[in-house]
Amino acid sequence: MKRLSGKTAVVTGASSGIGYEAAKRLAEEGASVMIIGRDNARCQKVAEEIRSAGGIAEYRLIELYDETAPARVIEAVRETFGHLDILVNNAAWWTNEPFLSVSRENFRRGFSDYMASLFFLSQAAAQAMIDDHISGKIIHIASTAAFYGERGMSVYCAAKSALVNLTRAMALELGEYGICVNAVAPGTTVTNNEKRPAHVLESFRKMGALPELNTAAKIAPSVAFLASADSDGITGETLCVDGGCVQIRMPEKLYLDPISYPAKS
């Protein structure tokens, strides 16, 4: 039997990137997956891809920043699958912008609205699990940007850092109901919607311990693990899936020293 047989999962932002790979992996593990996104064509394509591989998937177009979104998501999953076991909060908004140039509008979208959307969706999901006596799993997609600064990413770093501590606080309050709350913190990850120049990706590759950057397909198994019974003893944790970058990251100048730190080929 597959690890997630009989389970139902909601994955936000599942039409591309890490959410896309996570939705596919959860379906491969046996879960019925509700894809939440905003692009009809892309969401439909992902659902059809999962179905063609033998999985179960449906999708709904919901703007998560709308205050009605949490109730609509829970209603959709109840109508389609009956109950909710797993929530993966993947959707996010960010822009690469210098600190001195950040507008209130972009701060609001990247921090205030973003945190509110996943906070209240998690609240609605947790309440549904409690009402149905389900020991569910809530998984946030954070980032290694929560642990160190990035130029031009001040709002994103602040939001992801807040998400890591929200994970701990939620775990404390929801543990009595058997609900586990954890986060996955990817490092720089190559996805199917990659837009960064090759030289930028190469600079990030040199910061890790492994020879290649992670792909979204390498992040998805960690999401599936935290969604399964194999992680029942884990809550409040943030699992870094970053090729060792957080543990060993060093200033770039060290990589330019050919004697002590030879460049990677």
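The shown structure was predicted, so the numbers you read here are calculated from the model rather than taken from an experiment. (Residues numbered from 1 in each chain as written. Predicted model: local features only at pLDDT ≥ 70, side-chain atom pairs only at ≥ 80, totals over all residues. Heavy atoms only, no water.)

Caption draft 1: Representation of the overall build of the protein chain in the model. Looking only at helices and strands, the protein chain features 9 helices and 9 strands. Counting over 265 residues, the protein chain shows a buried share of 48%. For the protein chain, contacts bridging at least 24 residues in sequence account for 74% of all contacts bridging at least 6. Carbon and sulfur atoms form 53% of the exposed surface of the protein chain, whose accessible area is close to 13,300 Å². (Helix = DSSP H or I, 4+ residues; strand = E, 2+ residues; numbered from the N terminus. Buried < 20%, exposed > 50% of the residue type's maximum accessible area, 1.4 Å probe, protein only. Contact = heavy atoms within 4.5 Å. Areas by Shrake-Rupley, 256 points an atom, 1.4 Å probe, with all protein chains shown as cover.)

Caption draft 2: Broad picture of the sheet that holds strand β5 (residues 137–141). Reading across the sheet, the 7 strands line up as β3-β2-β1-β4-β5-β6-β9 and stay open at both edges, with parallel pairing between neighbours. Looking at which strands have only one partner, the edges of the open sheet turn out to be β3 (56–61) and β9 (238–241). Geometrically, the sheet is characterised by an average inter-axis angle of 20° between neighbouring strands, direction not taken into account. Note that β5 and strand β6 (residues 180–186) share 5 bridges and pair parallel. If you follow isoleucine 138 over to β6, its bridge partner there is valine 181. Set on the sheet, helix α1 (residues 17–28) makes contact with β1 (8–12), β2 (32–37), β4 (86–89) and β6; between it and β1 the angle comes to about 170°. In the packing of helix α2 (residues 40–52) onto the sheet, the strands contacted are β2 and β3, and the crossing angle to β3 comes to about 170°. (Pairing = 2+ DSSP bridges. Axes fitted to C-alpha atoms, helices over the stretch in contact; angles between N-to-C directions.)

Caption draft 3: Up close: helix α7 (residues 216–227). With 12 residues, α7 extends 17 Å between its outermost C-alpha atoms, agreeing within 8% with the 16 Å of an ideal straight helix rising 1.5 Å per residue. Every buried residue of α7 is listed here: Ala216, Ile219, Ala220, Ser222, Val223, Ala224, Leu226 and Ala227. (Expected span 1.5 Å × (residues − 1).)

Caption draft 4: Highlighting the pattern of salt bridges. All chains considered together, the criterion is met by 9 salt bridges. Put simply, glutamate 29 and arginine 25 hold a salt bridge, and the shortest N to O gap is 3.3 Å. Judged by relative accessible area, which is 11%, glutamate 29 ranks as buried. Taken together, the shared-partner salt bridges connect Arg3, Arg25, Glu29 and Asp230 into one network. (Salt bridge = Lys/Arg side-chain N within 4 Å of Asp/Glu carboxyl O.)

Caption draft 5: Broad picture of the nonpolar core. Ranked by size, the top nonpolar core spans 36 residues in total, and within it Val10 and Ile138 carry the most contacts. Of all the elements in the fold, those that place two or more residues in this core are β2, α3 (69–81), α4 (104–131), α5 (154–174) and β6. Per-element tally for this core: the top contributor is α4, with 8 residues. Those residues within four positions of valine 10 in sequence are excluded, and the remaining contacts are Met34, Ile36, Val73, Val77, Leu84, Ile86, Leu87 and Val88. If you look at the next biggest cluster of nonpolar residues, it comprises 31 residues, including Ala9, Ala23, Val88 and Val223. (Core = buried A, V, L, I, M, F, W, Y, C linked by side-chain atoms within 4.5 Å.)

Caption draft 6: Representation of the environment of arginine 151 within the structure. Checked against the element boundaries, arginine 151 lands in the loop between β5 and α5. Sequence-wise, arginine 151 and phenylalanine 99 are 52 residues apart; in three dimensions their C-alpha atoms are separated by 8.1 Å.

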